[in-house]
Amino acid sequence: MRILVFAPAGVCQSAGLELTAKGAQLSPTAHITVLREEKAPSPALFGGCGATDCLTLPAMRDDCLLGSLLAGLLRPMVPDILLMPATVRGRFLSSWVAAKLNTGLTADCTALTLTEEGLLKQIRPAFGGNLTAEILCRHHRPQMASVRPGIFPLPDPLIPKEIPHTRLSPEGGHALLQRKAFTPASGGVTLQKAKIVVAGGKGIGSKKGFEQLASLAEKLGGALGATRSAVDAGWVSYAHQIGQTGVVVRPELYLAFGISGAIQHTVGMNSARVVVAVNKDRNAPIFNHADYGIVGDWQETLQQLLDFLSTSER
Amino acid sequence: MNPADESALELALSLRDTHGGTVTALSMGPERVSHMLRETLSRGVDEAVQLTDSAFAGSDTLATAKALQAAIEALGGFDLILCGRRATDGETGQVGPMLGALLDASTLPNATALTATPEGWEVTQLTEEGSQVWQITLPALITLCEWSYPLRLPTLMGLRRAKTAEIRCLSAADLPKGEWGLQYSPTRVVKVTAKPQGVRPVQKLPAAEVFSRLREGGLL
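Now for a description of the structure that goes with this document. (Residues numbered from 1 in each chain as written. Chains lettered and ligands numbered in written order. Predicted model: local features only at pLDDT ≥ 70, side-chain atom pairs only at ≥ 80, totals over all residues. Heavy atoms only, no water.)

1. As for the packing of helix H3 (residues 63-77) of chain A against helix H4 (residues 88-101) of chain A
Residues and elements named next belong to chain A.
At step 1: Between H3 and H4, the least distance of the axes is 9 Å, while the angle of their chain directions is 50°. Regarding the angle of H3 to H4, the classification is oblique. The two elements H3 and H4 meet at a crossing, and its hand is right-handed. The residues of H4 that touch H3, namely those facing Asp63, Cys64, Leu66, Gly67, Ser68, Leu70, Ala71, Leu74 and Arg75, are Arg89, Phe92, Leu93, Trp96, Val97, Lys100 and Leu101. (Axes fitted to C-alpha atoms, helices over the stretch in contact; angles between N-to-C directions. Helix = DSSP H or I, 4+ residues; strand = E, 2+ residues; numbered from the N terminus. Parallel < 35°, antiparallel > 145°, perpendicular 65-115°, else oblique. Left-handed = near helix turned anticlockwise from the far one by under 90°. Contact = heavy atoms within 4.5 Å.)

This is the structure:
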């Protein structure tokens, strides 16, 4: 079996390592080739995750061009499986490559396994998250899947291993886009690295409510998180979104206020060490993902927590 | 209409208002799609087209993109295609970029703004890395983020037009032979299960008790 992994450079660069480790776990005998961007982690780190060899692509700013070059590289290789990170760029590139190669793509997989026939079983939430769908791509190759950064763990410890490494200098194609300016983000990265995450959902009900949560997060030295419905309601910016279409976090402590617990959200916080859920509905699904549950009004609980913190400070 | 599509529609209308041209709203889907297309008419699109046929049923993202490509070509091409960056149900965000690849258009996902400058069209894009500004050449396909352009309200005249105007329907017979529908979809949902319950054994306790335990664990 031949597995290819696209490994991007940039803030989501660990995604390439995670996917490589997943590929090695899917099939320990597979030939795993990593297609890495110039500034992605070093080839030896991919070796440590189980890669067989590594091809390095020069840095290219135009992702339309990069997508077409990837498709051109993949066409003669005909890998069985191609794994891509489900970042904004990864989603775009995977869609572009799938269309150029005329093959199937499943976005945002939360689990990947092999069937008895050796097909890639792609598992993702479906129909509003109350159901989980298993998806196969039987006849087209490669079988393509994208996965959010942080869904699959890295080997621990990750011991570098030298592997064969080739630099590619693909030619041809013309750029369709030209980058004029760039302003780096901060929010999402801080959120991913935070030891404590204070997150709110639809139950928070307003922008003002999120300001209260943000000040709690600040007091605790943590970061503010949110569900998609809260972001869609305009109460908090997208940089704070946790879950299938936001960031995946693994903090020491996750405080969930007014979050119902849809699977699209919980896939982004299930790896937290300790989860505390506050919800007035004692049957809210979030309690199935929590170590401690507080059944009650979020605002009262928040006040109790602030009181608790200020008393113990004295 | 989902919020990302609303952004795309508003941007299309305001570009037309400033630079001229026409706006066509195109949607693929069954009967309920026509209500949404009437909403676009009430906001002032020049034409609304519904791509509907049982032959399209069961299309995955690639098959959907192929049907849209054929429809756009049948409608006489384009200078600029604006889409929402993702649907609120599947949330794959794939159809736009796949369509861009099939049409070989300059394609940029996750845009929050598009402006005309003396040098050409500039698009602001939001990614995990930050915010970037790109200069693009037409023909292009841009997918818009939610809330980038708040959709205008319908006018009285628009509402009247939405009631009476005809929605142009395209069926598979109006398009050249193509690979769409379940039969030509590379991906197939083979099993659907209820989501797993109870990944953690929860202890429901009074707030004060929870905070003390967190404190004992060194977490607060």
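After that view, the rundown keeps rolling.
2. Considering the environment of glutamine 192 of chain A
Residue and element names in this part refer to chain A.
At step 1: Here glutamine 192 lies in helix H5 (residues 187-193).
At step 2: Looking at glutamine 192, the relative accessible area reads 30%, which means it is partly exposed.
At step 3: Once you skip the residues sitting within four places of it in the chain, glutamine 192 turns out to touch Val247, Val248 and Val249. (Buried < 20%, exposed > 50% of the residue type's maximum accessible area, 1.4 Å probe, protein only.)

3. Structural notes on helix H4 (residues 95-103) of chain B
At step 1: A large share of H4 of chain B lies buried, amounting to seven of its nine residues.
At step 2: Every buried residue of H4 of chain B is accounted for by Gly96, Pro97, Met98, Leu99, Gly100, Ala101 and Leu103 of chain B.
At step 3: On its buried face, H4 of chain B sits against H4 and strand E5 (105-106) of chain A together with helix H3 (61-74), strand E3 (80-84), strand E4 (106-117) and strand E7 (140-144) of chain B.
At step 4: Downstream of H4 of chain B by one or two residues, aspartate 104 of chain B has phi in the positive range, about 55°.

4. Notes on empty space enclosed by the protein
At step 1: Per the stated rule, a full pass over the model turns up three cavities of 30 Å³ or more.
At step 2: Volume-wise, the largest cavity comes out at about 170 Å³.
At step 3: Around the largest cavity, the lining is made up of 15 residues, and of these Val88 and Arg91 of chain A together with Arg85, Gly93 and Asn110 of chain B lie nearest the centre.
At step 4: Sorting the residues of the lining of the largest cavity by element identifies H4 of chain A together with E4 of chain B as the ones contributing at least two each.
At step 5: Among the elements that take part in the lining of the largest cavity, H4 of chain A stands out by supplying three residues, more than any other.
At step 6: Residue composition of the lining of the largest cavity, grouped by class: five nonpolar, five polar and five charged.
At step 7: Taken as a whole, the second largest cavity spans an internal volume of roughly 60 Å³.
At step 8: Along its surface, the second largest cavity is lined by Pro8, Ala9, Cys12, Thr87 and Arg89 of chain A together with Thr127, Glu128 and Glu129 of chain B.
At step 9: Of the residues contributing to the lining of the second largest cavity, the split by class is three nonpolar, two polar and three charged. (1 Å grid on protein atoms, 1.4 Å probe; cavity = no way out; pocket = protein on both sides within 12 Å on 5 of 7 lines; lining within 4 Å. Points joined across faces, edges and corners; volume = space filled by probe spheres on them. Nonpolar A, V, L, I, M, F, W, Y, C, P; charged D, E, K, R; others polar.)

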